[in-house]
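Summary of the model geometry
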Amino acid sequence: MRSADDLTTRARIRDAAIVAFGEQGFGVGIRAIAAAAGVSPGLVIHHFGSKDNLRQECDDHVREVIRVAKMDYIEHPSPNGLMQQLAEIEDFAPLMAYLLRSFQSGGSLLVTFFDHMVEDVEQYLTAGIANGTIRAPKDLKAMARYVATTNGGGMVMFLQLYAAAQDGPVDYRKALRAYADSMTLPALEIYTHGMLTDSMMLDALTDPPE
């Protein structure tokens, strides 16, 4: 059983690694992460065994923080809740920087991370359908994969364009604020009212004419 101090040290290392990976990429070394956390490299290895294991724990933590925040709103939707999440969006900056690095890096960890994202979106949709705030799609799993792909891909594209326009390191707090300011309204409009004025194309796809 770990002591409270041990758990706090482990969390501090994990959080420092999330920031370091987000700012410098996954090539950053154990020594740099240890320095950022204020511990020795040996203590990082003691807690995680290897950098790959540390990254896996970072993946799990980033995903869980985002999942909890999204599920909380889905299960308790309110205008005040929406405005509070928008007001606090800068707090997610280290996580978004980490996600961007994950999507850029590719590899098996990205595949696993994305599969978990799809599972999480399926849970959000299921919860929303249950409380009556989301319409049930024809294919829940396909919708979950679509939402995860478009949301993840859209975020990556926006952050890449934002970074390309900067002269120097990206301030992800400002980047997230810019993302929320420019994307929230059209996203909510599409999700709420849709874009097409009739179901012709959907009908043709789901019940093609003979």
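Now for a description of the structure that goes with this document. Since the structure is predicted, the reported quantities are computational estimates derived from the model, not experimental observations.

This part is about empty space enclosed by the protein. Counting across every chain of the model gives one cavity of 30 Å³ or more. Empty space within the largest cavity amounts to approximately 40 Å³. Contributing to the lining of the largest cavity are Gln56, Asp59, Asp60, Arg63, Leu109, Thr112, Phe113 and His116. Mapped onto the lining of the largest cavity, the elements with two or more residues apiece are helix H4 (51–75) and helix H7 (108–131). Its residues assigned to classes, the lining of the largest cavity comprises two nonpolar, three polar and three charged.

Right, let's get into helix H3 (residues 41–48). Listed in full, the buried residues belonging to H3 are Val44, His47 and Phe48. Down the axis of H3, the buried side of the element spans an arc of 80 degrees, and every buried residue falls inside it. Immediately beyond the C-terminal end of H3, within one or two residues, lies glycine 49, with a positive phi of roughly 85 degrees.

Right, let's get into the side chain of serine 102. Looking at the element boundaries, serine 102 is found in helix H6 (residues 93–105). If sequence neighbours within four positions are ignored, serine 102 has contacts with Phe26, Arg55, Asp59 and Leu110.

Relative orientation of the contacting elements helix H8 (residues 140–164) and helix H9 (residues 172–193) amounts to 140 degrees, with a least axis distance of 10 Å. Relative to H9, the element H8 is oriented oblique. In the packing of H8 onto H9, the handedness of the crossing is right-handed. Only Tyr172, Lys174, Ala175, Leu176, Ala178, Tyr179, Ser182, Met183 and Tyr191 of H9 make contact with H8, whose side of the interface consists of Val147, Asn151, Gly154, Met155, Phe158, Leu159 and Tyr162. When the residues that make up the contact of H8 with H9 are grouped by side-chain class, the tally is 12 nonpolar, three polar and one charged.

With that out of the way, let us pick up a nonpolar patch on the surface. Together, Ile190, Met195, Leu196, Met200 and Met201 line one region of the surface with nonpolar side chains, adding up to about 590 Å² of accessible area. Relative to the helices and strands, methionine 201 resides in helix H10 (residues 200–206). What makes methionine 201 exposed here is its relative accessible area of 52%.

So, on to the packing of aromatic side chains. Following the criterion strictly, the structure yields five aromatic pairs and no others. Ring centres of phenylalanine 26 and tyrosine 98 lie 5.4 Å apart, and the angle between their planes is 85 degrees; this geometry places the pair in the edge-to-face category. Taken as a pair, phenylalanine 26 in the loop between helix H1 (4–24) and helix H2 (30–37) and tyrosine 98 in helix H6 lie far apart in primary sequence, 72 residues in all. The burial state of phenylalanine 26 is the same as that of tyrosine 98; both residues are buried. Plain terms: the ring middles of phenylalanine 158 and tyrosine 179 are 5.1 Å apart, the flat faces sit at 80 degrees to each other, and that makes the pair edge-to-face. With phenylalanine 158 in helix H8 and tyrosine 179 in helix H9, this pair connects stretches of sequence that are 21 residues apart. Tyrosine 179 carries the same exposure label as phenylalanine 158, and that label is buried. Among the aromatic side chains, those forming a connected cluster through ring pairs are Phe21, Phe26 and Tyr98. If you follow arginine 55 out to its NZ or CZ, it ends over the ring of phenylalanine 26, 3.7 Å from the centre.

Conventions and cut-offs
- Residues numbered from 1 in each chain as written.
- Predicted model: local features only at pLDDT ≥ 70, side-chain atom pairs only at ≥ 80, totals over all residues.
- Heavy atoms only, no water.
- 1 Å grid on protein atoms, 1.4 Å probe; cavity = no way out; pocket = protein on both sides within 12 Å on 5 of 7 lines; lining within 4 Å.
- Points joined across faces, edges and corners; volume = space filled by probe spheres on them.
- Helix = DSSP H or I, 4+ residues; strand = E, 2+ residues; numbered from the N terminus.
- Nonpolar A, V, L, I, M, F, W, Y, C, P; charged D, E, K, R; others polar.
- Buried < 20%, exposed > 50% of the residue type's maximum accessible area, 1.4 Å probe, protein only.
- Arc of directions from axis to C-beta.
- Contact = heavy atoms within 4.5 Å.
- Axes fitted to C-alpha atoms, helices over the stretch in contact; angles between N-to-C directions.
- Parallel < 35°, antiparallel > 145°, perpendicular 65-115°, else oblique.
- Left-handed = near helix turned anticlockwise from the far one by under 90°.
- Patch = residues over 30% accessible without salt bridge, like charges linked within 9 Å, V, L, I, M, F, W, Y side chains within 5 Å.
- Areas by Shrake-Rupley, 256 points an atom, 1.4 Å probe, with all protein chains shown as cover.
- Salt bridge = Lys/Arg side-chain N within 4 Å of Asp/Glu carboxyl O.
- Phe/Tyr/Trp six-rings, centres within 6.5 Å; stacked < 30°, edge-to-face > 60°.
- Lys NZ or Arg CZ within 6 Å of the ring centre and 35° of its normal.

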